[in-house]
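Breakdown of the fold
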Amino acid sequence: MTALRLTRPASRLLTMGVAAVLAIGLLGEGGATDAASAATTPESAAAAVGPAAAKKPGLRFAPASRTVQAYAYDDYVYLDSAVWLAAYGETHEFWAKRSKPSSPVSLTRTVIRDGERTTTKAPRAIVDGLNGFKNGLTVRVRTPKGKVLAKETRSLCLGGSDRQRVEPTGRTEPVYPTFCGGSWFTDATVTGVEQGWATKLDAFFEVETKQKNLVMTVSISDPVADFLGLPAKGRAVTQRVQVVDECEVWDCGEVAEQLMGAPAEGFSSLQDGDAATARAESLRAQSGHAGHGGSTASEHRTNLFTLGDAEHGADHPALGQSGSTPSNRTPDKDTLPDLISAPAWQIGTEVDESGIDRLTFNANEWNAGPAPLVVEGYRRGSGELMDAYQFFYRDGKEVGSTKTGTMEYHQAPEHNHWHFLDFASYELVTTKGKPVTPSGKQSWCLAPTDPVDLSVPGAVWRPEATGLDSTCGDQSALWLREVLPAGWGDTYNQTQTQAFDLTKVKNGTYQIKITVNPNGALHERTTSNNVSYRTVVLGGKPGKRTVKVPPYEGVNTEVVATPER
């Protein structure tokens, strides 16, 4: 019997080798043009709309290639489609918002045409929290004779990372984020398809089969298609799939090594269905920091950052300024970030490699704006210290700076890069606030991994569209820049030596205290929201310690998958 092994968005990130292969192999070197010009098969349940449809405003399937190529590896076939959803003549903007973690998510669509905005609210039945449209996308794979090998219905996200233009109008670059979802404490996210652009639908999965010729159909459910305004005969695309042996095209030894890779130390770990940690690891991977083991290549990366104007109207605004940056020890409030500590989540226990009981947790500190947090390091002679300076921005321009702390080179098997020492602190304290034990994590390489509230003033929608270069640096670095844009947080997963040592901690009730900007070295708008607490109840015996975590504001953040709301 043919078996199906579906790959959810989080677990797919664990197979980056194959995903990277697909990204290149399915379209090929000329794939972008092919995907935008070829027609679908006559077998389509509803054929893709041709160029003539561009005259009628709205969302439409963009013409997809007649045949796509998939790769067989270890008795599994890895498939993707060349199916795109395009916005002709108008922009479609989607906001997902909630007032607190336990509140239902409200999803709205705003159609922007000729400067006019029309907003409608999505029925709750088709909203999958922050993840897009519930059960909006169905992928089916069958043999040419009609035998169904695999079928899955999943959420439809119109924030795909692969964007392409379909007509010479509208913006020269996309402006909306490339993802759906967020962490337990995300309040507002935005996605969209810009006028004249198309987003590639997430149809990637894997199926166990030895068939070399397959047929794939990608369709959007009627309730979601009705809300999006898709025509009745334009809601599905069918393509032929040609399967080739991956080992004949790629180095299978290298692919296998990538498949077995682990997430980098200190970055969010991955668990099936956990959109928050998947997003964190995805951003880390996009920034070139997904390797494990401290190789120089994986440690040197570009930070994900750009500045947009108040209306998010600029494609790539100019950054920096000519001449010298003035020293400014009392910067104006509109040039400052607002750093906030989110409560710890995904809390657990483990026994580390040395046999020590540890309390593990996720931590996220974020910037509520309106300005970005920009910290630069300048090497102090030939030593392994840098003097850190905070830079202040207004309308995308540097308007001042001041010395703010220290950066230190961390030479260790899973680090080998520079860390900022003055960003946050993690402590396990009693219910009365008395310190019990600190975390081993005392330094950071900042990067935007999770959207927290993209509706705050100054929020950056596409941090991966780099506007300022940044790096965690290697041992030879003279300078580096770390950035946390407005609206974004940086998630770190505290495990092993970076988690709390429970050796001398008795069973009982405690709190995880997270403090951002603990010594006040960073300039920010207010420090009233810098500290958060999360209650934990420790139990068990040495070698088998346990932890219970009461819900936070009515939400159980310790379950693997985000609950439907």
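Above this text sits the structure in question.
Residues numbered from 1 in each chain as written. Predicted model: local features only at pLDDT ≥ 70, side-chain atom pairs only at ≥ 80, totals over all residues. Heavy atoms only, no water.

1. Side note on the overall build of the chain
From N to C terminus, the chain includes 8 helices and 32 strands. Long-range contacts, defined as pairs at least 24 residues apart, comprise 73% of the intrachain contacts of the chain with a sequence gap of at least 6. For the chain, the computed accessible surface area is about 23300 Å², with 50% contributed by carbon and sulfur atoms. (Helix = DSSP H or I, 4+ residues; strand = E, 2+ residues; numbered from the N terminus. Contact = heavy atoms within 4.5 Å. Areas by Shrake-Rupley, 256 points an atom, 1.4 Å probe, with all protein chains shown as cover.)

2. Considering a nonpolar patch on the surface
Where nonpolar side chains cluster on the molecular surface, the patch consists of Tyr378, Leu478 and Trp479 and spans about 310 Å² of accessible area. One can find Leu478 in the loop between β26 (450-451) and β27 (479-484). When its relative accessible area of 64% is taken as the criterion, Leu478 is described as exposed. (Patch = residues over 30% accessible without salt bridge, like charges linked within 9 Å, V, L, I, M, F, W, Y side chains within 5 Å. Salt bridge = Lys/Arg side-chain N within 4 Å of Asp/Glu carboxyl O. Buried < 20%, exposed > 50% of the residue type's maximum accessible area, 1.4 Å probe, protein only.)

3. Considering the side chain of Asn493
Relative to the helices and strands, Asn493 is located in strand β28 (residues 488-494). At 2.5 Å, the side chain of Asn493 and the side chain of Asn362 are in polar contact. (Polar contact = N/O pair within 3.5 Å; in protein donor to acceptor, adjacent residues only side chain to side chain.)

4. Focus: the nonpolar core
If you look at the biggest cluster of nonpolar residues, it comprises 49 residues, and the most contacted ones within it are Leu79, Phe133, Leu156, Leu158, Leu201, Ile220 and Leu228. At 5 residues, strand β5 (residues 84-88) tops the list of elements feeding residues into this core. Met386, Trp444, Ala477 and Leu502 belong to the second-largest nonpolar core, a separate cluster that totals 38 residues. (Core = buried A, V, L, I, M, F, W, Y, C linked by side-chain atoms within 4.5 Å.)

5. Focus: the sheet that holds strand β22 (residues 397-410)
Reading across the sheet, the 5 strands line up as β23-β22-β21-β20-β27 and stay open at both edges, with antiparallel pairing between neighbours. Two strands close off the open sheet at either side, each with one partner strand: β23 (417-420) and β27. With direction set aside, neighbouring strand axes in the sheet form an average angle of 35°. (Pairing = 2+ DSSP bridges. Axes fitted to C-alpha atoms, helices over the stretch in contact; angles between N-to-C directions.)

6. Focus on the pattern of salt bridges
As enumerated under the stated definition, the model contains 15 salt bridges in all. Across the salt bridge formed by Asp80 and Lys200, the nearest N and O atoms sit 3.9 Å from each other. Note that Asp80 is positioned in the loop between β4 (76-79) and β5 and Lys200 in strand β13 (residues 197-200), a separation of 120 residues in sequence. Residues Glu376 and Arg481 are paired through a salt bridge, measuring 2.7 Å at the closest nitrogen-oxygen approach. Of this pair, Glu376 sits in strand β20 (residues 373-379) while Arg481 sits in strand β27, placing them 105 residues apart in sequence.

7. What about the side chain of Ser221?
Along the polypeptide, Ser221 turns up in the loop between β15 (213-220) and α4 (222-228). Ser221 gets classed as buried once you look at its relative accessible area, which sits at 19%. A polar contact is formed between the side chain of Ser221 and the backbone oxygen of Asn135, at a distance of 3.5 Å. What Ser221 contacts, discounting residues up to four positions off in sequence, is Asn135 and Gly136.

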